[in-house]
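Structural characterization, general
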Protein chains: 2
Amino acid sequence: MGTIGELGEFGLIGRLTRRLPQASPVLLGPGDDAAVVAAPDGRVAATADLLVEGRHFRRDWSGPYDIGRKAAAQNLADIAAMGARPTALLVGFAAPLSTDTAWAERLYDGLADECRAVGASVAGGDVVGASEITLAVTALGDLAGRPPLTRSGARPGDVVAVRGRLGLSAAGMRLLAEGRDGPAELLLAHRRPQPPYEAGEEARSLGATALLDVSDGLVQDLGHIAAASGVRIDVDSAALHVPDVLGPDGLRDVLTGGEDHAFAGTFPPAAALPPSWNAVGVVAEGTGVRVDGRPAEGGGWDHFRP
Amino acid sequence: MGTIGELGEFGLIGRLTRRLPQASPVLLGPGDDAAVVAAPDGRVAATADLLVEGRHFRRDWSGPYDIGRKAAAQNLADIAAMGARPTALLVGFAAPLSTDTAWAERLYDGLADECRAVGASVAGGDVVGASEITLAVTALGDLAGRPPLTRSGARPGDVVAVRGRLGLSAAGMRLLAEGRDGPAELLLAHRRPQPPYEAGEEARSLGATALLDVSDGLVQDLGHIAAASGVRIDVDSAALHVPDVLGPDGLRDVLTGGEDHAFAGTFPPAAALPPSWNAVGVVAEGTGVRVDGRPAEGGGWDHFRP
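Predicted model only: the values in this text are computed from it and were never measured.

In this structure the tally under the stated criterion is 40 salt bridges over all chains. Between D33 of chain B and R151 of chain A there is a salt bridge, and its shortest N-O distance comes to 3.1 Å. Highlighted residues: D33 of chain B in the loop between strand 1 (26-28) and strand 2 (35-38) and R151 of chain A in the loop between strand 6 (134-142) and strand 7 (159-163), drawn from two different chains. Each member of the pair D33 of chain B and R151 of chain A is classed as buried. A salt bridge links E105 of chain B to R19 of chain B, with the nearest nitrogen and oxygen atoms 3.4 Å apart. With E105 of chain B in helix 4 (residues 101-116) and R19 of chain B in the loop between helix 2 (9-17) and strand 1, this residue pair connects regions lying 86 residues apart in the sequence. Taking the relative accessible area as the measure of exposure, R19 of chain B reaches 30% and is therefore partly exposed. When salt bridges with common partners are traced through the structure, they connect R15, R19, E105, R106 and D109 of chain A into a single cluster.

Rotating chain A by 180 degrees and translating it 0.0 Å along the rotation axis places it on chain B, where the RMSD comes to 0.0 Å. The superposition operator between the copies reduces to a two-fold rotation axis. Using C-alpha coordinates, one finds that chain A approaches the rotation axis most closely at G42 of chain A, a distance of 2.3 Å. A shared interface surface links the copies, since 99% of the contact residues of chain A are contact residues in chain B too.

A few words now on the sheet that holds strand 10 (residues 263-267) of chain A. All names here are of chain A. The mixed open sheet is built from seven strands, whose spatial order is 8-10-7-11-9-12-13. Sheet topology places strand 8 (210-213) and strand 13 (294-295) at the edges, where each strand pairs with a single neighbour. Here two bridges tie strand 12 (residues 288-291) to strand 13, and the two strands are oriented antiparallel to one another. Within strand 13, the position partnered with R290 by the bridge is P295.

Right, let's talk about the packing of aromatic side chains for a bit. Residues and elements named next belong to chain A. Per the counting criterion, the structure on display carries four aromatic pairs over all chains. Pairing F267 with W277 gives two aromatic rings, centres 5.1 Å apart and planes at 70 degrees, and the pair type is edge-to-face. With F267 in strand 10 and W277 in the loop between strand 10 and strand 11 (278-284), this pair connects stretches of sequence that are 10 residues apart. For F267, a relative accessible area of 0% translates into the label buried. Judged by its relative accessible area of 4%, W277 falls in the buried class. The aromatic ring of W103 is capped on one face by R59, whose charged end is 5.5 Å from the ring centroid.

So, on to empty space enclosed by the protein. Applying the stated criterion across every chain, the model contains one cavity of 30 Å³ or more. Roughly 80 Å³ of volume is contained in the largest cavity. Contributing to the lining of the largest cavity are 15 residues, with A136, V137 and T138 of chain A together with A136 and T138 of chain B lying nearest its centre. A per-class count over the lining of the largest cavity returns eight nonpolar, four polar and three charged.

You'll often see interface size given as the accessible area lost when the parts meet. Residues and elements named next belong to chain A. Along its sequence, chain A is carved into domain 1 (4-142) and domain 2 (159-295). Measuring from the centre of the C-alpha atoms in domain 1 to the corresponding centre in domain 2 gives 26 Å. In total, domain 1 and domain 2 occlude about 1700 Å² of area from one another, counting both sides; carbon and sulfur atoms represent 53% of this. When the area that domain 1 buries against domain 2 is broken down by residue, the three leading residues are W61, K70 and A81, summing to 37%. Applying the counting rule to domain 1 against domain 2 returns three salt bridges. Applying the counting rule to domain 1 against domain 2 returns eight residue pairs in polar contact (both at pLDDT 80 or more). Looking at which element gives the most residues to the side of domain 1 that touches domain 2, the answer is helix 3 (residues 64-80), with 10 residues. Its residues placed into classes, the side of domain 1 that touches domain 2 shows nine nonpolar, three polar and six charged.

What counts and how
- Residues numbered from 1 in each chain as written.
- Chains lettered and ligands numbered in written order.
- Predicted model: local features only at pLDDT ≥ 70, side-chain atom pairs only at ≥ 80, totals over all residues.
- Heavy atoms only, no water.
- Salt bridge = Lys/Arg side-chain N within 4 Å of Asp/Glu carboxyl O.
- Helix = DSSP H or I, 4+ residues; strand = E, 2+ residues; numbered from the N terminus.
- Buried < 20%, exposed > 50% of the residue type's maximum accessible area, 1.4 Å probe, protein only.
- Least-squares fit on C-alpha atoms with pLDDT ≥ 70 in both.
- Contact = heavy atoms within 4.5 Å.
- Pairing = 2+ DSSP bridges.
- Phe/Tyr/Trp six-rings, centres within 6.5 Å; stacked < 30°, edge-to-face > 60°.
- Lys NZ or Arg CZ within 6 Å of the ring centre and 35° of its normal.
- 1 Å grid on protein atoms, 1.4 Å probe; cavity = no way out; pocket = protein on both sides within 12 Å on 5 of 7 lines; lining within 4 Å.
- Points joined across faces, edges and corners; volume = space filled by probe spheres on them.
- Nonpolar A, V, L, I, M, F, W, Y, C, P; charged D, E, K, R; others polar.
- Domains from an automatic or database assignment.
- Buried area = accessible area lost by both parts, 1.4 Å probe.
- Polar contact = N/O pair within 3.5 Å; in protein donor to acceptor, adjacent residues only side chain to side chain.

Below is the structure:
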């Protein structure tokens, strides 16, 4: 099938675009100066991430399809964590001209399939030559007439709750770094996170006062809510679900592991949380995050860490 | 002032965010899982480009402020070329940790100032470490209740017209490659293009049937209109304005030079074009682009060219 350099810029765009079925929010898809995407309530939620080979993914650890799904997932989760419904992605793809066309096609298959799971699609983007593979993913979403669920609304007395899995991706990454080939559950969790997308709208219906998706580690990300809301967050480690597969040190991964894209939020004390949400702490007066009464070091993911 | 690595991810985000005043379309700016931007008519125009150091800009040719202005301009021009008003940018910034913080700050000053010129602002984004500097710019815009001005509406008999300067950026880039320090007008044109942003809305009011911004070269970009519209475009080279500063071979730069971000469109034969629009050709039955009756080779910019 050859390389993307042999295909050329416009040849590659044609090949990739044919693999991108468009969902109903996309009013004008790839091929013009800009895409046009529905924003039914007169606002659009928008977020963008850069993923750089060797830092955010490794081709020897993950195949292109999983890299695509993960790149889409982390941005779609950011939209869902605002209480919005994802509508579209724009994807910038920079790669060496020696990259296999088939690799690029599988990458876009992964992007498209993760979008399809939430009713969105890849509506546009860009391809350029570069010395390392970089993905620039922008996600757009519709707030459906409701206020965004920000990080700044937590109030003393609120309950802190988590929906989704924590710690598995970090444990899986450690296994890959050690060259191990299992447990499969952990490797898959690192390669293809499964954000509980529906948790955003669910949190809103439960009266959430703040919400985010846990991309950098629970303690670090709760720290963002604490800082934005001007409150302290107290986590009770005994309330955290530590999957057996994580082994004896699993609590550390649950507290600091990133990239599972669980959702963490704060809820009024009277909120009737269903079993899908795990109450793990309370909001108090003060600053920062404490775990079992002790100030917590973040220990989460830093995108500047080499 | 030190490097961005010394400052750390969140330190850098704080420093950059403080330099980004927010315009009125931004309802929720940087600091949450996603920004929220006004989309008054229930749709959003959205476009994304990747700019890679050494391919799309060179730090020894352009300072960070000009790189920022140009990166913003090329995306804002894409929005304007849809007939939309730019509302916001999202900017992903990948750079070596050894990058000077002051360099990054000036880059964002350039992004912010170019946005300010059109009533938009940098509403969000991402910073990551990488081995080469890459900018991922997404631009959003408001169509104000009107249909997007696509590439596909040109009809035989339409007039082809251009607004804005052509050829200067390519000539300036050649001078920089030759190590020359003038003419200043050409160097500035390459470093800091000045898209005629108002041309988008103006073209619409003149009844334009197709429109784009000339980013890759006039002939190549008119070829996109020809292909999308299923027509042929005949350019009369004698009608093109060739600035004296381009010298005796200037026509080639006007026909093939990219990155000036002039606007090219097609208009009904009866359109009363004001002097700001230069009629340079006609739309006919057929395919491709002809210049003075001869099929034109594109010769424009290919983002895969090393």
